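Structural overview for review
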Number of protein chains: 2
Amino acid sequence: MDDHAVTLPPASEFDAGTAVERIADRRWRGDVSPDWTVFGGAPNGGYLQAMALRAVRGELTKPHPLTSTSHFLTTCESGPAEIDVEVLRTGRRHETAVATVHQADGERLRVTAIFGDLDAADGPTWDGAEPPAIPPLDECIAAPLDIDLPPVVRRFDVRLNPAHVGWLVNQPSGRAEMAGWLRFADGREPDVAALPLFADALPPVAFNVLDRLSWVPTLELTVHVRARPATGWLRCVFRSRGLVGGYHEEDGEIWDAEDRLVAVTRQLALARS
Amino acid sequence: MDDHAVTLPPASEFDAGTAVERIADRRWRGDVSPDWTVFGGAPNGGYLQAMALRAVRGELTKPHPLTSTSHFLTTCESGPAEIDVEVLRTGRRHETAVATVHQADGERLRVTAIFGDLDAADGPTWDGAEPPAIPPLDECIAAPLDIDLPPVVRRFDVRLNPAHVGWLVNQPSGRAEMAGWLRFADGREPDVAALPLFADALPPVAFNVLDRLSWVPTLELTVHVRARPATGWLRCVFRSRGLVGGYHEEDGEIWDAEDRLVAVTRQLALARS
């Protein structure tokens, strides 16, 4: 036996699924995994954003995506993707960059982000938010794993507020809200890199106001990261003020196990008739 | 006298200030006006976004910026600016494009937007929002025009909720909220093109929680347009959940005179110590 043998722990599903490698100057390659797709086979938008941000991070010196925005163009397919990174600005506090994600026949999404260092933020602090009122973990509803669920659902351990699951049995609550407890199914702890994914991990809030479930694609997703999450469960709440001809915002808060608001998120989504 | 003489009304301040002309294929020129600057001489971010979107609109067939996001890189100066437009996608419902705004020594901001047609939106509708509770117009506080105000303030008729103006006399309210009535000072009626400007037109919400006023630059601004505003006053409310080392979101709602939520807005801003 080799005294120097080291058994590396297997990469988490998230780290393996969003892995990227540098193949040229400011050009990266990733593999869009079928393990992160939603109904219909399209990869989860937050997953794609998290992958693109790993490439961006590799070109910058600042660690944290303070704000990142994806504009989704066409549906990604499972398989290789190239990510070109353009650095727009390198400042003392902030670095701004754009990632262009493309597959064989064209661009699939564009991600623009401002990176900074949360640990170096020295401006004023004021706290005006309360953690969401979500029932205790053991009163919340886990996904029924014995039915045919899209692969992305199995990547998470989600426990939804029981008041928000009526759509599962064709009894939508009538309020565009979805809240619950959230963590990775494989035990990987949350971090800043995973927050854009968690921002898109719960079922659409529109499910609680639609007569029947329909595809609710994300057109644009913006995630503001405010703090590095602590170890443990996250609590998330997503809400919309209203749907106008299907268009609606989905506003999210992500709170960590130490009652800190770690991210605020918003997406523009479209519920189809 | 020429029977065919037509006296065109003078362009509104907004239309004149955001005018752009096409100077080459997908290249436009605008003039950043000193009339839209804030304290310190920097142009208002919403103004720059509105100008960039006029160039984008000129390259597209869809009329409405359903979502538009600016990433601000370096401060624009008053004077000419070139706006390069890249069209990323032209679909049946949506067109996505990027505007790169540059002046002599480099890029100043990048605007990414998805245009569509609100009048053609045929998805489901659900209304879950209430107009903000703002006191009647005659109980709200107009800007004191006899003091030295930055030029942009004079472009608007703003009437702030009296509960939110304590910062003017060094008595901040202690809640990061700013609400009021808003319209153009020259009587121009609101429209979709002006909503990104209105999204950035009130004083920073941070003024109501800071010990002393400081510069609060916008790093990123995203505006979701939900409806074409009716003629008349707008009511706006902006709030933040909290400042962490200075970083905070500023979430806005813009309501029209017919009690319709016409835009939801969010910016990432940084309050300096």
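An account of the accompanying structure is given in this report. (Residues numbered from 1 in each chain as written. Chains lettered and ligands numbered in written order. Predicted model: local features only at pLDDT ≥ 70, side-chain atom pairs only at ≥ 80, totals over all residues. Heavy atoms only, no water.)

On to the overall build of chain A. Scanning chain A for helices and strands turns up three helices and 15 strands. By the compact-globule yardstick of 19 Å for 273 residues, chain A fits well, its C-alpha radius of gyration being 19 Å. When each of the 273 residues of chain A is scored for burial, the buried share is 60%. Long-range pairs, those at least 24 residues apart, make up 67% of the contacts in chain A with a sequence separation of at least 6. In the form shown here, chain A has an accessible surface area of approximately 11400 Å², with 50% of it arising from carbon and sulfur atoms. Between the mean site of the 27 positive side-chain charges and the mean site of the 40 negative ones, chain A shows a separation of 5 Å. (Helix = DSSP H or I, 4+ residues; strand = E, 2+ residues; numbered from the N terminus. Rg over C-alpha atoms; globule rule 2.2 N^0.38 Å. Buried < 20%, exposed > 50% of the residue type's maximum accessible area, 1.4 Å probe, protein only. Contact = heavy atoms within 4.5 Å. Areas by Shrake-Rupley, 256 points an atom, 1.4 Å probe, with all protein chains shown as cover. Lys, Arg positive; Asp, Glu negative; His and termini not counted. Charge placed at Lys NZ, Arg CZ, Asp CG, Glu CD.)

Now for the side chain of Asn44(B). With respect to the secondary-structure elements, Asn44(B) resides in the loop between β2 (27-32) and α2 (45-59). Polar side-chain contacts of Asn44(B) include one of 2.9 Å to the backbone nitrogen of Tyr47(B). (Polar contact = N/O pair within 3.5 Å; in protein donor to acceptor, adjacent residues only side chain to side chain.)

A few words on the interface of chain A and chain B. With 59 residues of chain A at the contact, the number on the chain B side is 59 residues. Buried surface at the junction of chain A and chain B, summed over both partners, amounts to about 5200 Å²; 59% is from carbon and sulfur atoms. Contact with chain B buries area across many residues of chain A, yet Trp126(A), Arg226(A) and Arg241(A) alone supply 16% of it, more than any other trio. Where chain A meets chain B, there are eight salt bridges. Asp251(A) serves as the salt-bridge partner of Arg266(B), at 3.8 Å between the closest nitrogen and oxygen. Applying the counting rule to chain A against chain B returns 30 residue pairs in polar contact (both at pLDDT 80 or more). Looking at the side of chain A that touches chain B, the element that brings in the most residues is strand β15 (residues 261-270) of chain A, giving seven residues. A per-class count over the side of chain A that touches chain B returns 22 nonpolar, 21 polar and 16 charged. Relative to strand β7 (residues 126-127) of chain B, strand β13 (residues 242-243) of chain A runs antiparallel, the two sharing two bridges. Among the inter-strand pairings, Leu243(A) is bridged to a residue of β7(B), identified as Trp126(B). (Buried area = accessible area lost by both parts, 1.4 Å probe. Salt bridge = Lys/Arg side-chain N within 4 Å of Asp/Glu carboxyl O. Nonpolar A, V, L, I, M, F, W, Y, C, P; charged D, E, K, R; others polar. Pairing = 2+ DSSP bridges.)

To continue, consider the pairing of strand β9 (residues 156-160) of chain B. Residues and elements named next belong to chain B. Of all five residues making up β9, five are buried, and the element is well covered by its neighbours. Alternating positions in β9 separate into two faces, Phe156, Val158 and Leu160 on one and Asp157 and Arg159 on the other, with burial throughout. Note: strand β8 (residues 141-142) against β9, two bridges, orientation antiparallel. Across the sheet, residue Ile141 finds its bridge partner in β9, namely Leu160. Two elements, β9 and strand β10 (residues 177-184), share five bridges in a ladder whose sense is antiparallel. The residue of β10 that forms the bridge with Asp157 is Arg183.

Laying chain A over chain B is done by rotating through 180 degrees and shifting 0.0 Å along the axis; what remains is an RMSD of 0.0 Å. When the rotation and shift are considered jointly, the pair of chain copies conforms to a two-fold rotation axis. By residue overlap, the copies meet face to face through one surface: 100% of the interface positions of chain A are interface positions in chain B. (Least-squares fit on C-alpha atoms with pLDDT ≥ 70 in both.)

Residue and element names in this part refer to chain B. Inspection of the secondary structure assignment puts Asp256 in the loop between β14 (247-255) and β15 (261-270). A relative accessible area of 0% places Asp256 in the buried class. One polar contact links the side chain of Asp256 to the main-chain amide nitrogen of Ala230, over a distance of 3.0 Å.

Below, the discussion takes up helix α2 (residues 45-59) of chain A. Residue and element names in this part refer to chain A. The end-to-end C-alpha distance of α2, which contains 15 residues, comes to 22 Å, matching closely the 21 Å that a straight helix rising 1.5 Å per residue would cover. By the criterion of burial, α2 is predominantly enclosed, with twelve of the 15 residues buried. Among all positions of α2, only Gly45, Gly46, Tyr47, Leu48, Gln49, Ala50, Met51, Ala52, Leu53, Ala55, Val56 and Glu59 are buried. (Expected span 1.5 Å × (residues − 1).)

Phi angles above zero are rare outside glycine, and Asn170(A) is one such case at about 60 degrees. Although it is not a glycine, Arg26(B) adopts a positive phi angle of roughly 60 degrees. Secondary-structure assignment places Arg26(B) in the loop between β1 (20-24) and β2.

To continue, consider the environment of Gly58(B). Residues and elements named next belong to chain B. Position of Gly58 relative to the elements: it lies in helix α2. Residue classification places Gly58 among the partly exposed residues on the basis of a relative accessible area of 41%. Distance in space between the C-alpha atoms of Gly58 and Cys236 is 28 Å, their sequence separation being 178 residues.

Turning our eyes to something else, we now look at the pattern of salt bridges. Inspection of the entire model under this criterion finds 52 salt bridges over all chains. Measuring nitrogen to oxygen at the nearest pair gives 2.8 Å for the salt bridge that ties Arg159(A) to Asp157(A). One salt bridge connects Asp259(A) with Arg235(A), and the closest N-O pair in it is separated by 2.6 Å. One end of the pair, Asp259(A), is in the loop between β14 (247-255) and β15; the other, Arg235(A), is in strand β12 (residues 234-239), and 24 residues separate them in sequence. Each of Arg226(A), Arg241(A), Glu249(A), Asp251(A), Glu253(A), Arg266(A), Arg226(B), Arg241(B), Glu249(B), Asp251(B), Glu253(B) and Arg266(B) takes part in a single network of salt bridges with overlapping partners.

Residue and element names in this part refer to chain B. Looking at the element boundaries, Asp191 is found in the loop between β10 and α3 (195-198). Sequence separation between Asp191 and Ala227 is 36 residues; the distance between their C-alpha atoms is 9.3 Å. A distance of 3.2 Å separates the side chain of Asp191 from the backbone nitrogen of Ala193, its partner in a polar contact. Within the local environment of Asp191, its side chain forms a polar contact with the backbone nitrogen of Ala194, the two atoms lying 3.0 Å apart.

Honestly, that's just the spatial picture; any functional story needs more than this.
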